[in-house]
Amino acid sequence: MADNEAANAYTWETEYERTWEVLKEDEEGSLQASVDDIIHRAKRKRLLNQISNVRLGMMRHLFLVVDMSAAMEDQDIKPTRFLCTLKLLEYFIEEYFDHNPISQLGIIVTVNKRAEKITELGGNPRHHIQAVKNLKDKECKGEPSLQNSLELAASTLKHMPGHTSREILVLFASLTTCDPRDIKDTIKLLKQYSIKCSIIGLAADVYICKRVCNETNGKYNVILDDTHYRDLLNIHIAPPPASANTQSSLIRMGFPHHQLLQSSGQEKPAMCMCHLDRNSTVNFSTGGYICPQCKSKYCELPVECKACGLTLVSAPHLARSFHHLFPISAFSELPGQQSTSGQGQRFCYACQTELQDQQTICFRYIGVTNAWRYTV
């Protein structure tokens, strides 16, 4: 009888979870260890869901389109949709360049039926993050224009090389869009240049947004809360599968070293090429990266030389991009009794962290002479 009552119980009775019990204090009374564990589990879940044996677009050109219409002032996400979006974008930009160091990113905002390019495509994360922070002082007003935003992004992406991926990610809060022409023509333009458009909705499902994503092989999602919002952004961090018409070609790259400019034994200051178009003397210095082909100076890598078009990178940048091609195998969970060695040691071989009794997650790689054990 009791089993029948449990089976016929209400949903909020049978699926009730005490979420506060997931967080446990450590010896010092801090919850940071539990929070870090939850974040780590979320990252592990994303890694396990990745599709293997798929050709990826490692050199990416992505435009972020941010809706700055009056709908972004709604407070269904605290403090507002707009402020929450800017905070998540700072995290997204850092992670994007951490996973795609030889890729480029640009930012576009749509406000009052117009589209404005905030930053050009570039590989400097600090420049983009500062531009996002500066958006806090701007006012959200009017209606957005999805068509103007897509055409502004496409006007730059269509000139990108065929071996790179061309992507647009739209953060759309409004339920309407004010466009000057038929947006179907814009969809044809995106398909013609193999530009993939993905949209994250902040309000509700919008038909035209879903259609744009479906016809350009993008992804369309609507957020549930701020946590889900962050998860949807994280989906676009990893390189996407390359399209069928992506070209394969050899790419010339330069590997400059940081050096000082000297003339007759004295240091010779010069302005770098990446700051020539700005009214600033901050980067008027004697050191920098010199292009091996045209001898132009740049203050940081990676970058595409404005004089000769050579891609300038460092060896670590290529190595960090290469790991997407050969990801490590999935970690396997082992009970606490099996994770110890024959001598009864309960420490990770790599980082010497003590293995806990209640949960031990290890990955074992049998090499030529030894067995390696890692905690994750």
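Residues numbered from 1 in each chain as written. Predicted model: local features only at pLDDT ≥ 70, side-chain atom pairs only at ≥ 80, totals over all residues. Heavy atoms only, no water.

Asks: Tell me about the sheet that holds strand β7 (residues 253–254), and name the residues and values.
Replies: Sheet architecture is open: three strands sit in the order β7-β16-β15, paired in mixed fashion. With one partner strand each, in any of the chains shown, β7 and β15 (303–304) form the two edges of the open sheet. Pairing between β7 and strand β16 (residues 311–312): two bridges, direction parallel. Paired with M253 across the strands is T311, a residue of β16. (Pairing = 2+ DSSP bridges. Helix = DSSP H or I, 4+ residues; strand = E, 2+ residues; numbered from the N terminus.)

Asks: Could you give an account of unusual backbone geometry, naming the residues involved and the relevant values?
Replies: Omega for the peptide link from K78 to P79 comes to -5°, which places this bond in the cis form. If you trace the backbone, P79 turns up in the loop between β1 (60–67) and α4 (81–99). Residue N217 is not a glycine yet carries a positive backbone phi of 65°. Residue placement: N217 occurs in the loop between α8 (207–215) and β6 (220–222). Of note in the backbone geometry, K295 takes a positive phi value of approximately 70° without being a glycine. Summarising the element assignment, K295 is placed in the loop between β13 (287–290) and β14 (297–298). With relative accessibility at 59%, the residue K295 sits in the exposed group. (Buried < 20%, exposed > 50% of the residue type's maximum accessible area, 1.4 Å probe, protein only.)

Asks: Give a description of the environment of I290 that names residues and reports values.
Replies: Position of I290 among the secondary structure elements: in strand β13. Note on I290: relative accessible area 12%, which makes it buried. Separated by 36 residues in sequence, I290 and G254 place their C-alpha atoms 9.6 Å apart.

Asks: Lay out the environment of I108 with the relevant residues and their values.
Replies: Structurally, I108 can be placed in strand β2 (residues 104–111). A relative accessible area of 0% means that I108 is categorised as buried. Taking the C-alpha atoms as reference, I108 lies 8.8 Å from D67; in sequence the two are 41 residues apart. Contact partners of I108, with chain neighbours within four places excluded, come to F63, L64, V65, V66, A115, E116, K117, I118, S149, L152 and A153. (Contact = heavy atoms within 4.5 Å.)

Asks: Tell me about the sheet that holds strand β4 (residues 165–172), and name the residues and values.
Replies: Pairing within the open sheet is mixed, and its six strands lie in the order β3-β2-β1-β4-β5-β6. Because the sheet does not close on itself, it has two edges, and the strands there are β3 (114–122) and β6. Each neighbouring strand pair of the sheet contributes to a mean axis angle of 15°, computed without reference to strand direction. Sheet topology note: the strand β5 (residues 195–201)/β6 ladder contains three bridges and is parallel. Directly across from G201, in β6, lies its bridge partner V222. Across the sheet, α4 lies against β1, β2, β3 and β4, angled at about 175° from β1, the strand it touches most. Along the sheet, α8 contacts β4, β5 and β6; its crossing angle with β5, the most-contacted strand, is approximately 150°. (Axes fitted to C-alpha atoms, helices over the stretch in contact; angles between N-to-C directions.)

Asks: Tell me about the packing of aromatic side chains, residues and numbers included.
Replies: Applying the stated criterion across every chain yields a total of two aromatic pairs. Relative to F97, the ring of Y96 lies with its centre 5.2 Å away and its plane at 90°, an arrangement referred to as edge-to-face. The exposure classification of Y96 matches that of F97, with both residues buried. Three or more aromatic residues joined by ring pairs make a cluster, and in this case those are F92, Y96 and F97. The positively charged end of R230 is found above the aromatic ring belonging to Y91, 3.9 Å away from the centroid. (Phe/Tyr/Trp six-rings, centres within 6.5 Å; stacked < 30°, edge-to-face > 60°. Lys NZ or Arg CZ within 6 Å of the ring centre and 35° of its normal.)

Asks: Mind laying out the packing of α4 against helix α9 (residues 226–235), listing which residues take part and the relevant values?
Replies: Orientation of α4 relative to α9, taken along the N-to-C sense of each, is 35°, at an axis distance of 11 Å. Every pair of crossing elements has a handedness; the one defined by α4 and α9 is right-handed. Seen from α4, the contacting residues are C84, T85, L88, Y91 and F92; seen from α9, they are D226, Y229, R230, L233 and N234. Of the residues in the contact of α4 with α9, the class split is six nonpolar, two polar and two charged. (Left-handed = near helix turned anticlockwise from the far one by under 90°. Nonpolar A, V, L, I, M, F, W, Y, C, P; charged D, E, K, R; others polar.)

Asks: Requested: an account of a negative patch on the surface, with residues and values cited.
Replies: Together, E25, D26, E27 and E28 make up a negatively charged patch on the protein surface. Assignment of secondary structure puts E25 in the loop between α2 (11–14) and α3 (32–48). (Patch = residues over 30% accessible without salt bridge, like charges linked within 9 Å, V, L, I, M, F, W, Y side chains within 5 Å. Areas by Shrake-Rupley, 256 points an atom, 1.4 Å probe, with all protein chains shown as cover. Salt bridge = Lys/Arg side-chain N within 4 Å of Asp/Glu carboxyl O. Lys, Arg positive; Asp, Glu negative; His and termini not counted. Charge placed at Lys NZ, Arg CZ, Asp CG, Glu CD.)

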